Amino acid sequence: MQSHIYIFVEGAVNPEEGLTKLEAFNDYMGGNMSSIIFQEIREFRSLAYGSSGRYNPSFYRTKQGFFRGWLSTQSDKTVEAVEVFTSLLDSMPQKPERIDQVRKNLTLTINASQPSFRSKTRNVARWMDQGYKEDPRRVRYEGYQSISFDQIVDFYNANIKGRPWVISIAGDMKRIDMEALKKFGKVNVVKMDDVMSK
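Here is what the cut-offs are and how they apply
Residues numbered from 1 in each chain as written. Predicted model: local features only at pLDDT ≥ 70, side-chain atom pairs only at ≥ 80, totals over all residues. Heavy atoms only, no water. Core = buried A, V, L, I, M, F, W, Y, C linked by side-chain atoms within 4.5 Å. Buried < 20%, exposed > 50% of the residue type's maximum accessible area, 1.4 Å probe, protein only. Helix = DSSP H or I, 4+ residues; strand = E, 2+ residues; numbered from the N terminus. Contact = heavy atoms within 4.5 Å. Patch = residues over 30% accessible without salt bridge, like charges linked within 9 Å, V, L, I, M, F, W, Y side chains within 5 Å. Areas by Shrake-Rupley, 256 points an atom, 1.4 Å probe, with all protein chains shown as cover. Salt bridge = Lys/Arg side-chain N within 4 Å of Asp/Glu carboxyl O. Phe/Tyr/Trp six-rings, centres within 6.5 Å; stacked < 30°, edge-to-face > 60°. Axes fitted to C-alpha atoms, helices over the stretch in contact; angles between N-to-C directions. Parallel < 35°, antiparallel > 145°, perpendicular 65-115°, else oblique. Left-handed = near helix turned anticlockwise from the far one by under 90°. Nonpolar A, V, L, I, M, F, W, Y, C, P; charged D, E, K, R; others polar.

Undergrad: Honestly, the nonpolar core in this entry has me stumped. Any pointers?
TA: Across soluble globular proteins, you tend to see nonpolar side chains buried next to one another. Ranked by size, the top nonpolar core spans 38 residues in total, and within it Phe25, Ile41, Phe67 and Ile152 carry the most contacts. Those elements that place two or more of their residues in this core are strand 1 (2-13), helix 1 (19-30), helix 2 (36-43), strand 3 (64-74), helix 3 (78-90), helix 4 (99-112) and helix 7 (149-159). Excluding its chain neighbours within four sequence positions, the residues that come into contact with phenylalanine 25 are Gly30, Tyr55, Phe67, Met92, Ile152, Phe155, Tyr156 and Ile160.

In C-alpha cells:
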C-alpha cells in the first residue's frame, strides 16, 4: 500500500526578471534524476517510488507563486519520507559544483522545447496575454549562460526558507503512524466522502 504525499509552500511574487533564477532553482532542486529531491529521497534513502518538486509562478506574475513537492512511498515509510522532504525545504543542501550542469540542462531544455506547428498560435496568444512583445525564451536563454549558484540560493531564501507549508497525504491511516505526524503540525483527517461528490 502506498502513500501519496504533496507538500505546498506559498512563495513570493515572482516578476519576469526573476524567472531565470526560478527555473535554475527548479532544475537544481527537483527537476530531474540528478536533482536534490530525487537523490536525497529516492536514490540515497530509497524512501520513494517517485519524487519531484517544482516552484510555479503565477500566470500574470502579479500574485504569489507556490512550490509543490510530491512523492509516493510505502505507507509505513510515510513519516520518514515527510521528515526528509521537509528537512530539504528547511535547509536546502548546497552543492555549487552542480551549477554547470544546471546551465547545461536549462539550455538543452529550451532548445528542445520549440512549439510544434499546431501549438504555435496557442503559445503566442499565451505570451501576449502575459504582456510579452516577443518570445520570452530569448532573454531567459541569455540569462541561463550566466546564472550563478548564489542566485539559486537567493531564490530559495526569498520563496521557500522559513515559510509555512501544507502537507497532504493520501493513504491508509492504519499503516501510517498518525501520532508521529503531529510533529509536523496540526493533523486534519479527511474522508473520501468529504472531498468526492456522490
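Undergrad: Honestly, a nonpolar patch on the surface in this entry has me stumped. Any pointers?
TA: There is a patch of nonpolar side chains on the surface, built from Val190, Met192, Val195 and Met196 and spanning about 430 Å² of accessible area. The topology assignment puts methionine 196 in the segment after helix 9 (192-195).

Undergrad: Quick question: what am I supposed to make of the packing of aromatic side chains here?
TA: Aromatic ring pairs are defined here through the distance separating the ring centres and the angle between the ring planes. One pass over the full model with this rule turns up 7 aromatic pairs. Ring geometry for tyrosine 6 and phenylalanine 8: centres 6.5 Å apart, planes at 15 degrees, overall stacked. Residues phenylalanine 25 and phenylalanine 67 carry aromatic rings whose centres are separated by 6.5 Å and whose planes lie at 70 degrees to one another, so their mutual orientation is edge-to-face. One end of the pair, phenylalanine 25, is in helix 1; the other, phenylalanine 67, is in strand 3, with 42 residues separating them in the sequence. For phenylalanine 25, a relative accessible area of 1% corresponds to the buried category. On the basis of relative accessible area, phenylalanine 67 is assigned to the buried category, the value being 0%. Members of the aromatic cluster, joined through ring pairs, are Phe25, Tyr55, Phe67, Phe85 and Phe155.

Undergrad: Whenever I open this one, the packing of helix 4 against helix 6 (residues 137-146) confuses me. Can you help?
TA: Angle between the axes and distance between the axes: these two values describe a pair of packed helices. Relative to each other, helix 4 and helix 6 sit at 160 degrees, their axes nearing to 9 Å. Between helix 4 and helix 6, the angle falls in the class roughly antiparallel. For the element pair helix 4 and helix 6, the recorded crossing hand is left-handed. For the pair helix 4 and helix 6, the contacting residues are Arg103, Leu106, Thr107, Ile110 and Asn111 in the first and Arg137, Tyr141, Tyr144, Gln145 and Ser146 in the second. Of the residues that constitute the contact of helix 4 with helix 6, the class distribution is 4 nonpolar, 4 polar and 2 charged.

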